[in-house]
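The lines below spell out each chain.
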Amino acid sequence: DAKTTQPTSMDCAEGRAANLPCNHSTISGNEYVYWYRQIHSQGPQYIIHGLKNNETNEMASLIITEDRKSSTLILPHATLRDTAVYYCIAGPQDAGNMLTFGGGTRLMVKP
Amino acid sequence: GAGVSQSPRYKVAKRGQDVALRCDPISGHVSLFWYQQALGQGPEFLTYFQNEAQLDKSGLPSDRFFAERPEGSVSTLKIQRTQQEDSAVYLCASSLVAGTGNTIYFGEGSWLTVV
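Bear in mind the structure is a predicted one, so any value in this text is a computation, not a measurement.

The rules we used
- Residues numbered from 1 in each chain as written.
- Chains lettered and ligands numbered in written order.
- Predicted model: local features only at pLDDT ≥ 70, side-chain atom pairs only at ≥ 80, totals over all residues.
- Heavy atoms only, no water.
- Phe/Tyr/Trp six-rings, centres within 6.5 Å; stacked < 30°, edge-to-face > 60°.
- 1 Å grid on protein atoms, 1.4 Å probe; cavity = no way out; pocket = protein on both sides within 12 Å on 5 of 7 lines; lining within 4 Å.
- Points joined across faces, edges and corners; volume = space filled by probe spheres on them.
- Helix = DSSP H or I, 4+ residues; strand = E, 2+ residues; numbered from the N terminus.
- Nonpolar A, V, L, I, M, F, W, Y, C, P; charged D, E, K, R; others polar.
- Pairing = 2+ DSSP bridges.
- Axes fitted to C-alpha atoms, helices over the stretch in contact; angles between N-to-C directions.
- Contact = heavy atoms within 4.5 Å.
- Core = buried A, V, L, I, M, F, W, Y, C linked by side-chain atoms within 4.5 Å.
- Buried < 20%, exposed > 50% of the residue type's maximum accessible area, 1.4 Å probe, protein only.
- Disulfide = S-S within 2.5 Å.

Throughout the structure, instances matching the rule amount to twelve aromatic pairs over all chains. An aromatic cluster is built from A:Tyr36, A:Tyr46, A:Tyr87, A:Phe101, B:Tyr35, B:Phe45 and B:Phe106, whose rings are joined through pairwise contacts.

Structure, rendered in structure tokens:
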């Protein structure tokens, strides 16, 4: 799996957009970019994933650069409940969907 | 419930004791994963099943760790002769079908403390 690099922590004001960056410069052509988050004392929760096109769902938007070496997860209107550790993972579609988690970004949404 | 269910939620074991952690995946999910998460770190892969077949156990840290899924649904992670370094959250996850880019759904974990 490609290694990903994320900032250790970020702060965001409640109601503002949270933009979480991720570098995955060694990503290969068949590897997806997955985002999960983990709220304290809970299991990781799927947010979104994409291959090369930008994606949007009810939780977030995923912007992938054209060269696929980096991406940004956007939470358009962050709430206090979005405080969590956010994991960016680059992994293959096959191999059983086994995901390799890194350290993630600890997002703190402040009132 | 509709999600991945794990039990026990919390377990305190004396060093040397054997423990068994149970996972009920989402009904119909083919793939099942076990992860270990130490305090302050991201989850680390332990093992993977597709139906009853254990296809990857490369992440199991020692031969004291054993996982099974005999009927392709419920899975048990067993840790023999527990040691303090085994203290962690053990996460189970499942997905519908392998190889489709489908999402993985996690349970809330079993918190193991070895004293």
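If you add up the space inside the largest pocket, you get close to 560 Å³. As for the largest pocket, its lining consists of 30 residues, of which A:His40, A:Arg106, B:Gln37, B:Leu39 and B:Gly40 are closest to the centre. Elements with a minimum of two residues in the lining of the largest pocket: β8 (84-92) and β9 (105-110) of chain A together with β9 (88-95) and β11 (110-114) of chain B. Looking at the lining of the largest pocket, the element that brings in the most residues is β9(A), giving four residues. Taken together, the residues of the lining of the largest pocket break down into twelve nonpolar, 16 polar and two charged. Approximately 160 Å³ is the volume found for the second largest pocket. If you trace the second largest pocket, you find it lined by A:Tyr36, A:Pro44, A:Gln45, A:Tyr46, B:Ala2, B:Gly3, B:Val4, B:Ile26, B:Ile104, B:Tyr105 and B:Phe106. Mapped onto the lining of the second largest pocket, the elements with two or more residues apiece are β4 (45-50) of chain A together with β10 (105-106) of chain B. In the lining of the second largest pocket, the residues fall into nine nonpolar, two polar and no charged.

All names here are of chain B. Within the open sheet, the four strands sit side by side as β1-β3-β8-β7. Their pairing is antiparallel. Strands with a single pairing partner mark the edges of an open sheet, and in this sheet they are β1 (5-7) and β7 (65-68). Each strand of the sheet is rotated relative to its neighbour by a mean of 15 degrees, with strand direction disregarded. Two elements, strand β3 (residues 19-24) and strand β8 (residues 75-79), share five bridges in a ladder whose sense is antiparallel. Following the sheet pairing, Ala20 is matched in β8 by Lys78.

Take the environment of B:Val74 next. Residue and element names in this part refer to chain B. By secondary structure assignment, the location of Val74 is in the loop between β7 and β8. Spatially, the C-alpha atom of Val74 lies 9.1 Å from that of Leu32, the residues being 42 residues apart in sequence. What Val74 contacts, discounting residues up to four positions off in sequence, is Arg22, Cys23, Asp24, Pro25, Glu68 and Arg69.

Further remarks concern the nonpolar core. Residue and element names in this part refer to chain A. Residues Trp35, Leu73, Tyr86 and Leu107 are the most contacted members of the largest nonpolar core, which totals 21 residues. Where this core is concerned, the elements lending two or more residues are β2 (18-23), β3 (31-38), β4, β6 (61-64), β7 (70-75), β8 and β9. Discounting chain neighbours no more than four positions away, the residues touching Tyr86 are Gln6, Leu20, Trp35, Tyr36, Arg37, Ile47, Leu73, Leu75, Gly104, Thr105 and Leu107.

The next thing to look at is the state of the cysteines. For the structure shown, the criterion picks out two disulfides over all chains. Covalent S-S linkage joins A:Cys22 and A:Cys88, the inter-sulfur distance amounting to 2.1 Å. Because the sign of the S-S torsion sets the handedness, a value of about -80 degrees for the bond joining A:Cys22 and A:Cys88 places this disulfide among the left-handed ones. Of this pair, A:Cys22 sits in strand β2 while A:Cys88 sits in strand β8, placing them 66 residues apart in sequence. Taking relative accessible area as the criterion, A:Cys88 reaches 1% and is therefore assigned buried. Bridging B:Cys23 to B:Cys92, the disulfide has an S-S length of 1.9 Å. One disulfide, between B:Cys23 and B:Cys92, carries an S-S torsion of -70 degrees and so falls in the left-handed class.

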